[in-house]
Amino acid sequence: MTRKIAVLTSGGDAPGLNAAIRAVVRTAYYYNFSVIGIKRGFKGLIERDFCILNPRDVGLIINKGGTILLSSREPRFKEYEYRKKAVSFLKEEQIEALFVIGGNGSFQGANLLAKEFDFPIVGIPKTIDNDTFGTDYTIGFDTAVNNAVNAIDKIRDTSISHERVFVIEVMGRDSGFIALEAGLATGADVILIPEYPFPMYRVIDKIIKSRERGKRFSIIVVAEGVASAKEIAKILQKKLKKFDFGEIRYSVLGYIQRGGSPTAFDRNIASRFGVFAVEEYKKGNKNFMVAYEKGDIVKKPIEIAFGKIKKPDFKEFEISNILSL
Ligand code: F6P
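Conventions used here
Residues numbered from 1 in each chain as written. Predicted model: local features only at pLDDT ≥ 70, side-chain atom pairs only at ≥ 80, totals over all residues. Heavy atoms only, no water. Helix = DSSP H or I, 4+ residues; strand = E, 2+ residues; numbered from the N terminus. Buried < 20%, exposed > 50% of the residue type's maximum accessible area, 1.4 Å probe, protein only. Contact = heavy atoms within 4.5 Å. Salt bridge = Lys/Arg side-chain N within 4 Å of Asp/Glu carboxyl O. Patch = residues over 30% accessible without salt bridge, like charges linked within 9 Å, V, L, I, M, F, W, Y side chains within 5 Å. Areas by Shrake-Rupley, 256 points an atom, 1.4 Å probe, with all protein chains shown as cover. Lys, Arg positive; Asp, Glu negative; His and termini not counted. Charge placed at Lys NZ, Arg CZ, Asp CG, Glu CD. Pairing = 2+ DSSP bridges. Axes fitted to C-alpha atoms, helices over the stretch in contact; angles between N-to-C directions.

Caption draft 1: Local environment of the environment of G41. Here G41 shows up in the loop between β2 (33-38) and α2 (42-46). On the accessibility criterion, G41 (0% relative accessible area) is buried. Beyond its immediate chain neighbours, meaning those up to four positions away, G41 contacts L8, T9, S10, L70, S71 and S72.

Caption draft 2: Fine view of the pattern of salt bridges. According to the stated counting rule, one finds 20 salt bridges in the structure shown. Close ionic contact of D49 with R40 constitutes a salt bridge, the shortest N to O distance being 2.9 Å. Note on D49: relative accessible area 26%, which makes it partly exposed. Residue classification places R40 among the partly exposed residues on the basis of a relative accessible area of 31%. Note that R249 and E247 form a salt bridge whose closest N and O atoms lie 3.4 Å from each other. The exposure class assigned to R249 is partly exposed, which follows from its relative accessible area of 31%. What emerges from the salt-bridge pattern is a single network uniting K43, E47, E74 and R76.

Caption draft 3: Representation of a positive patch on the surface. Residues K230, K234, K238, K239 and K242 make up a contiguous surface patch of positive charge. Secondary-structure assignment places K239 in helix α8 (residues 229-239).

Caption draft 4: Quick peek at the sheet that holds strand β9 (residues 248-252). In space, the four strands of this open sheet follow the order β7-β8-β6-β9, with parallel pairing throughout. Looking along the sheet, the strands with just one partner apiece sit at the ends: β7 (190-192) and β9. Sheet twist, expressed as the average angle between the axes of neighbouring strands with direction ignored, equals 15 degrees. Taken together, the five bridges between strand β6 (residues 165-170) and β9 define a ladder with parallel strand orientation. Following the sheet pairing, I168 is matched in β9 by S251. Where helix α5 (residues 141-161) meets the sheet, it contacts β6, β8 (218-223) and β9, and its direction lies at approximately 165 degrees from that of β6.

Structure representation (structure tokens):
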């Protein structure tokens, strides 16, 4: 009998998920496994919303954003009874392992299946926030940064033309990776991220100094985890009033960052993660997560992703301060 694995995508969508699904399905078939797709992440798992995925079912998706398997955040999976139900469905379908393309929350859920029921799981990391501990990279981050860069470049046109201060809010619920990379790439005057606080008086000082040097516009990139762009713009409006900088404007980039066609980097890393995951499982490994470390793809115990905070490199933060003159 052909061996069978299942795959699902869970949590916030990220560009490159489809490339990862395609890689898992096709590598599995290459090694004579069949694949079941589970719809809407853990929700579909406890509702037994399963579908057969053949290699041609994942054709023409490598360039598509979102996830063909759909996604969700499923609170019921925190309850033992639902996890028990999930494992019984997997077993009834003769599925021998579950591949979870998700972030640390999804990995924790999957890990419980391994711990409580000895059901083999494999984690493939994705999140545009890039904040999963244990891996230098998560699928979707590069596309999100490029989406933010494209948007900030456009906003800068108005900022220059009207000699305005702009506060631009990017995603990153608890983390500043997108803000830092996008801010560096667009030459932002100030980058505000939760990991390395930068007090308001220094923000104001930087803006004033840059005006004194003859720069007539300013861009501040803020991660949503620090504060809303609206709040920051309000404070700046008040504090900069006497300097006659005009209206301070703000813009929230929001879900534009999470959608659209994945970059070549995201398509390729997702493909490599997917192939690696299946090949390592085939070798007899289980309960691991795929990780990117110093340019290599490696496997790590999935628990590594839990409870620890991954921080951007402080040097990168310093670079942004050196260059923003
Ligand atoms: O985890 C990625 C992320 O994009 C965060 O940066 C953001 O706060 C969150 O998802 C919002 O997602 P949702 O609206 O789906 O809860």
